[in-house]
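In case you want the letters, here they are:
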Amino acid sequence: MNFVWLFLIITSFIFAAVNGRMEDVVNAMLKSSQSAVLIAFSLIGIMTFWLGMVHIAKVSGLMDIFSKLTTPFMWLIFKDVKKGSSAFSNITLNFSANALGLTNAATPFGIKAMQDLQNENKKDKKTATNAMCTLLAMNTAGFQLVPASVLAILTVSGAKNPTEIILPTLIVTSITFICAIIISKILERVF
Amino acid sequence: MREILNTISVWILPVIISVILIFGAYKRVPAYETFTRGAKEGFWIAVKIIPYLVAIMVAVAMFRASGAIDFIYEILKVPLDKLNIPADTLALIITRPLSGSATLGLFGEIVNSHGADSYAAKLSAVITGSSETTFYVLAVYFGSVGITKFRHALLTGILADIFGVVLAVLVSRFFFYS
């Protein structure tokens, strides 16, 4: 990531110099740092709420029951995670919320799952484990059953039949999702 | 199909919350107390994400503002033209993993300029709806646990994005291209 990050910033300055857009780049730098903080803060409310709920589920033992139920399925993908770990239930909840397009609810579950995986990480706490990379691949692939925001834009703009994009999108997003997990599994042997 | 999914989407959260609360009450967990103890973490997680999110979002925003995307666009334009990928959709493809809001903005423009029933709009809809903002997801998820060495995660995300675009083009051609 060090290289990618440096590359993005240095090439930005080079292209800005060539294109005469230095002022735009400086403005983007100032503005986006502010919007990054705003986005982080806008997560606080929903994050706080779900972490509270999840804590009740954890103390009552509901999380353990749910983990036992989901372990057989999730264990197929996350073989190196300890059986019965609460990571399994959080990953399942993260996946389900994403599939239903509830991105706001999916993020706290995903973060909770990452924390569970980090607790199991006995090596370097700054380096991602195989399971973390797989969970990330599941999320960057962006699997969802109905693309709500896209449909909204098409509908507002007067498309004759906006729902006709649902099936092709579902085909693409499901195959890409599976493919992302496979790519992650292959690359984890290399890196 | 869509209505069923909408109903599930509306009901799923109330159902999950009710199950958690009712089971908690059955196990005699002090609900309010336990909720607030767990919820305390929320603020600190958000604060913990900030440096990672600033680092990645600033780099991406600078990259977009510098015109580097136009350069990639010029290189890819000729080969992609042969595959009948509209030029505006190409800009959306390059932007998709970098910025979610910019992608929706570009999508809105494509729908406006090409028409909501055009091939460009439909292809762009499939691409936008079937992918995620890879860089943002990386920053939030890994940032929340302090991971700075991503290993193969970024490459996986980018490769999956490329695979998704290729598949979207093939599927959209089959469904929509005439």
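## Looking at the overall build of chain A
- Tallying secondary structure elements over chain A gives nine helices and zero strands in all.
- Along chain A, from the amino end to the carboxyl end, the secondary structure elements read α-α-α-α-α-α-α-α-α.
- Taken over the C-alpha atoms alone, chain A extends approximately 60 × 50 × 35 Å along its principal axes.
- In chain A, which comprises 191 residues, the share counted as buried stands at 52%.
- Pairs at least 24 residues apart make up 52% of the contacts formed inside chain A by residues separated by at least 6 positions.
- A total of about 8,900 Å² of accessible surface is found on chain A, and carbon and sulfur atoms cover 68% of it.
- Placing the 15 positive and 9 negative side-chain charges of chain A at their respective mean positions leaves the two points 7 Å apart.

## A look at the packing of aromatic side chains
- Across all of its chains, the model carries 14 aromatic pairs over all chains by this definition.
- Where A:Phe15 meets B:Phe71, the ring centres are 5.1 Å apart and the plane angle is 55°; that geometry is what we call tilted. Of this pair, A:Phe15 sits in helix H1 (residues 2-19) while B:Phe71 sits in helix H3 (residues 68-82), each in a different chain.
- Judged by its relative accessible area of 19%, A:Phe15 falls in the buried class.
- Ring geometry for A:Phe49 against A:Trp50: centres 5.4 Å apart, planes inclined by 80°, an arrangement best described as edge-to-face.
- With relative accessibility at 2%, the residue A:Trp50 sits in the buried group.
- Counting every residue linked through ring pairs, the aromatic cluster contains A:Phe49, A:Trp50, A:Phe109 and B:Phe35.
- Stacked on the ring of A:Trp75, the Lys or Arg A:Lys79 has its end atom at 5.6 Å from the ring centre.
- Sitting over the face of the ring of A:Trp75, A:Lys83 holds its NZ or CZ atom 4.5 Å from the ring centroid.

## Thoughts on the interface of chain B and chain A
- With 93 residues of chain B in contact, the opposing surface of chain A contributes 103 residues.
- Three residues stand out in chain B for area buried against chain A, namely B:Met62, B:Tyr141 and B:Arg151, and they jointly supply 9% of the buried area on that side.
- At the surface where chain B touches chain A, the tally comes to three salt bridges.
- Residues A:Glu164 and B:Lys122 are paired through a salt bridge, measuring 3.0 Å at the closest nitrogen-oxygen approach.
- Inspection of the chain B/chain A interface yields 21 residue pairs in polar contact (both at pLDDT 80 or more).
- If you list the elements that add at least two residues to the side of chain B that touches chain A, you get helix H1 (2-26), helix H2 (31-65), H3, helix H5 (100-114), helix H6 (119-129), helix H7 (134-143) and helix H8 (153-176) of chain B.
- Here the side of chain B that touches chain A is composed, by residue class, of 61 nonpolar, 20 polar and twelve charged.

## Digging into the domain arrangement of chain A
- Assigned domains within chain A: domain 1 (2-13 + 24-42) and domain 2 (44-190).
- Centre-to-centre, using C-alpha coordinates, domain 1 of chain A lies 26 Å away from domain 2 of chain A.

## Digging into the nonpolar core
- Formed by 100 residues in total, the largest nonpolar core has its most connected members in A:Phe78, A:Leu154 and B:Phe142.
- In terms of residues, this core owes the most to one element, H2(B), which gives 13 residues.
- Two domains each provide a minimum of three residues to this core, namely domain 1 (2-13 + 24-42) and domain 2 (44-190) of chain A.
- Beyond its immediate chain neighbours, meaning those up to four positions away, A:Leu154 contacts A:Ala159, A:Pro162, A:Ile165, B:Phe107, B:Val111, B:Ala116 and B:Ala125.
- In terms of nonpolar packing, the next biggest core, distinct from the first, is built from 18 residues, A:Trp50, A:Ile56, A:Phe109 and B:Ile20 among them.

## A look at the packing of helix H4 (residues 87-95) of chain B against H6(B)
Residue and element names in this part refer to chain B.
- Relative orientation of the contacting elements H4 and H6 amounts to 10°, with a least axis distance of 9 Å. One element, H4, and the other, H6, form an angle in the roughly parallel class. Across from Thr89, Leu92 and Ile93 in H4, the residues of H6 making contact are Ala120, Leu123, Ser124, Ile127 and Thr128.
- Across the contact of H4 with H6, the residue classes break down as five nonpolar, three polar and no charged.

## As for the side chain of B:Ser99
All names here are of chain B.
- With respect to the helices, strands and loops of the structure, Ser99 is situated in the loop between H4 and H5.
- Taking the relative accessible area as the measure of exposure, Ser99 reaches 12% and is therefore buried.
- Reaching out from Ser99, the side chain makes a polar contact with the backbone nitrogen of Ala102 at a distance of 3.1 Å.
- With residues near it in sequence (within four places) discarded, Ser99 still touches Arg64 and Thr133.

Procedures and definitions
Residues numbered from 1 in each chain as written. Chains lettered and ligands numbered in written order. Predicted model: local features only at pLDDT ≥ 70, side-chain atom pairs only at ≥ 80, totals over all residues. Heavy atoms only, no water. Helix = DSSP H or I, 4+ residues; strand = E, 2+ residues; numbered from the N terminus. Buried < 20%, exposed > 50% of the residue type's maximum accessible area, 1.4 Å probe, protein only. Contact = heavy atoms within 4.5 Å. Areas by Shrake-Rupley, 256 points an atom, 1.4 Å probe, with all protein chains shown as cover. Lys, Arg positive; Asp, Glu negative; His and termini not counted. Charge placed at Lys NZ, Arg CZ, Asp CG, Glu CD. Phe/Tyr/Trp six-rings, centres within 6.5 Å; stacked < 30°, edge-to-face > 60°. Lys NZ or Arg CZ within 6 Å of the ring centre and 35° of its normal. Buried area = accessible area lost by both parts, 1.4 Å probe. Salt bridge = Lys/Arg side-chain N within 4 Å of Asp/Glu carboxyl O. Polar contact = N/O pair within 3.5 Å; in protein donor to acceptor, adjacent residues only side chain to side chain. Nonpolar A, V, L, I, M, F, W, Y, C, P; charged D, E, K, R; others polar. Domains from an automatic or database assignment. Core = buried A, V, L, I, M, F, W, Y, C linked by side-chain atoms within 4.5 Å. Axes fitted to C-alpha atoms, helices over the stretch in contact; angles between N-to-C directions. Parallel < 35°, antiparallel > 145°, perpendicular 65-115°, else oblique.

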